[in-house]
Amino acid sequence: MQMLRCVALTAVLALLPGMAFSQGKPAPKDAKVYFITPYDGQRVRGGFLVRFGLRNMGVTHAGDEYQNAGHHHLLIDVNDPIDPKEPIPQDKSHLHFGAGQTETLLDLPPGTHTLQLVLGDAKHYPFDPPVVSEKITVRVRPQRGK
């Protein structure tokens, strides 16, 4: 029984460095992610173009382990802060752009919505310090004739 405990403890300790390595990759302190379009407070109609900007880092595919490079994540109507020790979720409110995309056509229902960008590393973890845009608000108007 003692031998089994030692083997289990050794396995856990062997995994810890890999787990820590996949979280909190360093980012340049002057890195910045931002929206090119739309701008904060803009009124949009129907499907609208969202373009992502990034300064002092590069854009790459998810899974690519390049230094000072990551891929975009778009948060829609998310109020909770991103946990830097967890990968960025993937659902209808957390869109992943793991193919290195820098824009998307977004179709949201009429109303007021918030948008925020987060740059993730190869494994979808936020960088350290996090590279996060200001949160902007857009007002989606109904389609004409509806």
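Residue numbers restart at each chain and count upward from 1, following the sequence in its written direction. Two thresholds apply to this predicted model, a pLDDT of at least 70 for residue-level local features and 80 or more for giving and counting side-chain atom pairs, whereas whole-chain, interface and lining totals are computed over all residues. Hydrogens and waters are ignored; side-chain quantities use all the structure's heavy atoms.

A. Layout of the pattern of salt bridges. Definition used for salt bridges: Asp or Glu carboxyl oxygen within 4 Å of a side-chain nitrogen of Lys or Arg. Applying the stated criterion across every chain, the model contains two salt bridges. A salt bridge links glutamate 65 to lysine 25; its shortest N-O distance comes to 2.2 Å. Of this pair, glutamate 65 sits in the loop between β4 (58-59) and β5 (69-76) while lysine 25 is found in the loop between α1 (2-21) and β1 (32-37), placing the two residues 40 residues apart along the sequence. The rule is simple: take the accessible area with a 1.4 Å probe, protein chains only, and divide by the maximum for that residue type; under 20% is buried, over 50% is exposed, in between is partly exposed. In this structure lysine 25 comes out as buried when scored by relative accessible area, which is 17%. A salt bridge links arginine 51 to glutamate 103; the shortest N-O distance between them is 3.5 Å. Pair noted here: arginine 51 is in strand β3 (residues 47-55) and glutamate 103 is in strand β7 (residues 103-107), with a separation of 52 residues, a long-range link. The exposure class assigned to glutamate 103 is partly exposed, which follows from its relative accessible area of 40%. Secondary structure follows DSSP: runs of H or I at least 4 residues long count as helices, runs of E at least 2 residues long count as strands, and numbering of each begins at the N terminus.

B. Quick peek at a positive patch on the surface. For patch detection, residues must exceed 30% relative accessible area and be free of salt bridges, and they are connected within 9 Å for like charges or within 5 Å for nonpolar side chains (Val, Leu, Ile, Met, Phe, Trp, Tyr). Accessible surface is estimated by sampling points in the Shrake-Rupley manner with a 1.4 Å probe; for residues, cover comes only from the protein chains shown. None of His or the chain ends enter the tally, which takes Lys and Arg as positive and Asp and Glu as negative. Charged side chains are reduced to one point each, which is NZ for Lys, CZ for Arg, CG for Asp and CD for Glu. Taken together, the side chains of Arg43, Arg139, Arg141 and Arg144 define a basic patch exposed on the protein surface. You can see arginine 139 is positioned in strand β9 (residues 136-141).

C. Spatial organisation of the sheet that holds β1. Strand order in this open sheet of three strands is β1-β3-β7, and the pairing throughout is antiparallel. Each edge of the open sheet carries a strand with a single partner, namely β1 and β7. With direction set aside, neighbouring strand axes in the sheet form an average angle of 35°. Two strands are counted as paired when DSSP detects at least two bridges linking them. The pairing of β1 with β3 spans five bridges and is classified as antiparallel. Looking across to β3, one finds that tyrosine 34 is bridged to glycine 53. A fitted line through C-alpha atoms serves as each axis, taken over the contacting stretch for helices, and the angle formed by two N-to-C directions is quoted from 0 to 180°.

Keep in mind that these numbers describe shape and distance, not what the molecule does.
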